[in-house]
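Listed below are the residues making up each chain.
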Amino acid sequence: MDKSEWTKSMKVRMAMVMTLSGLLPIAICHIIVFSSTGAPIEESFRFVPLYVPLLALLLFVNWFLADIILRPITQLLSATTKLVTMDIRQRLEVGAHEPIETHELRKSFNKLLNNLEESLNIQCQFVADASHELRTPLTSIQGYTKLLLRRGSNIDANLLAEALQTISDESGRLIRLVSDLLQLARADAGQAIIAQQEVVDMRDVLMSVEDTVTVIAPEQIEVKFIVPQTSMYVYADADRLKQVFLNLTNNAIKATQAGGKVTVTLRATGGQAIIRVIDTGIGIAPADQQRIFDRFYRVERSRTRSRLYGGGTGLGLAIALTIIKAHGGTIELESELNKGSTFTVKLPLTDTPVKAQVAGQTPLLPPQD
Ligand code: ADP
């Protein structure tokens, strides 16, 4: 149905309803008054022809009234149909004298357009950042490959080793970047970033992180995991949680100088598992704290490309936040420059497997006493 058909049919229906609701009380009053005179009811039918011009008059008046009532809606309709062909940066004009309802509706449309424009800008920025991040390792790989081709078999052994090492490091960086991007793209597309959830003991997650971290952490940094004796169950995707805590602990180690400490603690308060990753490292300035969870944000680009742990992608914390939010949890940061940082993750505890059953999944049951 096109716009004019829509308004016409709406106007016709409105005029008819208004006419009927006007005519009905008149007819009822007519019958009541007539029957109170004691005259036979057939007598009243004599007046029926009078209703025809009355009906026509009411229809005519109500047609104009319906037009006046519906005018703001038809104007709004024509403005919103224009949206399809409009530039996303344009906005609907909000008239000062239009009824409050359509006024509000126009304002809501404009808010919607603001949000759309904002997310489009974020997407564009994301694509630009991602391209930039992809280009850096690719340029390096191309540079070294060209060098190898040029030198052929005359290449010095040290240079050959350096070239192959760089190509290997940068390819690893590309693989990490692409898999991080894929994870975020899936989350943006509404696909769950977490796979199958089950009842998980947070101690197991942290112990598995500890096993991985102690292998890669330098000896000069003391890395300690303090977990309680009792189990703490959360309803979660254990692999994704491990990814989060590996990222937080790796970041903490990267930010800590020799002789410093990284401590990971777990405790439960108020129905929540509280995990803290504390370091005595370089800390994060207040201005950077605001943006630390943004995609591709790095405080100090050169430092995070440390050879020891492979270059960071600047996506780790953005992914960590997405994963923790998907679990109904939060991440908070407290930090002081040159003193250290504490990342606090809070996750809702689950003490029975009920949640898992409700979700229609097969839970891993916590041990029953
Ligand atoms: P990356 O993969 O580059 O480490 P992240 O998103 O995990 O990306 O971290 C973003 C940036 O935040 C890091 O590059 C680093 O500069 C800073 N950062 C993260 N954790 C810490 C920390 N514990 N102390 C100091 N800086 C940190």
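Brief notes about the nonpolar core
Within soluble globular proteins, side chains that are nonpolar tend to cluster in buried spots.
Part 1 of the argument: Formed by 48 residues in total, the largest nonpolar core has its most connected members in Met202, Leu241, Phe245 and Ile275.
Part 2 of the argument: Top contributing element to this core by residue count: helix α7 (residues 238-254), with seven residues.
Part 3 of the argument: In contact with Met202, not counting residues within four places along its chain, are Met232, Val234, Leu241, Phe245, Leu266, Ala273, Ile275 and Leu347.

Considering unusual backbone geometry
Part 1 of the argument: One non-glycine residue, Phe296, lies in the positive phi region at around 65 degrees.
Part 2 of the argument: The residue Phe296 is located in the loop between α8 (286-291) and α9 (301-304) in this model.
Part 3 of the argument: Phi at Asn338 takes a positive value of approximately 65 degrees, unusual for a residue other than glycine.
Part 4 of the argument: Here Asn338 is to be found in the loop between β6 (330-336) and β7 (340-348).

Topic: the domain arrangement of the chain
Part 1 of the argument: Once the domains are mapped, the chain shows domain 1 (3-86), domain 2 (122-188) and domain 3 (198-358).
Part 2 of the argument: Of note, the centres of domain 1 and domain 3, computed from C-alpha atoms alone, are 68 Å apart.

Focus: the packing of aromatic side chains
What characterises a pair of aromatic rings is the spacing of the ring centres plus the angle enclosed by the ring planes.
Part 1 of the argument: Tallying each qualifying case throughout the model produces three aromatic pairs.
Part 2 of the argument: Centre to centre, the rings of Phe126 and Phe296 are 5.6 Å apart; their planes meet at 35 degrees, and the pair counts as tilted. Residue Phe126 is located in helix α4 (residues 100-151), and its partner Phe296 is located in the loop between α8 and α9; the two are separated by 170 residues in the primary sequence. Summarising the burial analysis for this pair, Phe126 and Phe296 share the class buried.
Part 3 of the argument: Seen in terms of ring centroids, Phe293 and Phe343 are 6.3 Å apart; in terms of plane orientation they differ by 80 degrees. Their pairing is edge-to-face. Here the residue Phe293 occupies a position in the loop between α8 and α9, and Phe343 occupies one in strand β7, the gap between them amounting to 50 residues.
Part 4 of the argument: Here Phe293 falls in the buried class, since its relative accessible area comes to 19%.
Part 5 of the argument: Just above the ring of Phe126 sits the side chain of Arg295; from NZ or CZ to the centre is 5.0 Å.

Quick look at the pairing of β7
Part 1 of the argument: Counting buried residues in β7 gives seven out of nine residues, a clear majority hidden from the surface.
Part 2 of the argument: Here β6 pairs with β7 via seven bridges, running antiparallel. The partner of Ser335 across the bridge, within β7, is Ser341.
Part 3 of the argument: Between β6 and β7, which pair antiparallel in sequence order, lie three residues; one of them, Asn338, sits at a positive phi of approximately 65 degrees.

Let's talk about helix α6 (residues 202-216)
Spacing of three or four residues puts side chains on the same side of an α-helix, whose turn is 3.6 residues.
Part 1 of the argument: With 15 residues, α6 should reach 21 Å at 1.5 Å per residue; the first-to-last C-alpha distance of 22 Å fits that figure.
Part 2 of the argument: Inspection of α6 places Met202, Arg203, Val205, Leu206, Val209 and Val213 among the buried residues, and these make up the whole buried set. Seen end-on, α6 carries its buried residues on one side only, within an arc spanning 150 degrees. Exposed side of α6, more than 90 degrees from the buried face: Asp211 and Val215 are the residues found there.

Criteria and cut-off values
Residues numbered from 1 in each chain as written. Predicted model: local features only at pLDDT ≥ 70, side-chain atom pairs only at ≥ 80, totals over all residues. Heavy atoms only, no water. Core = buried A, V, L, I, M, F, W, Y, C linked by side-chain atoms within 4.5 Å. Buried < 20%, exposed > 50% of the residue type's maximum accessible area, 1.4 Å probe, protein only. Helix = DSSP H or I, 4+ residues; strand = E, 2+ residues; numbered from the N terminus. Contact = heavy atoms within 4.5 Å. Domains from an automatic or database assignment. Phe/Tyr/Trp six-rings, centres within 6.5 Å; stacked < 30°, edge-to-face > 60°. Lys NZ or Arg CZ within 6 Å of the ring centre and 35° of its normal. Pairing = 2+ DSSP bridges. Expected span 1.5 Å × (residues − 1). Arc of directions from axis to C-beta.

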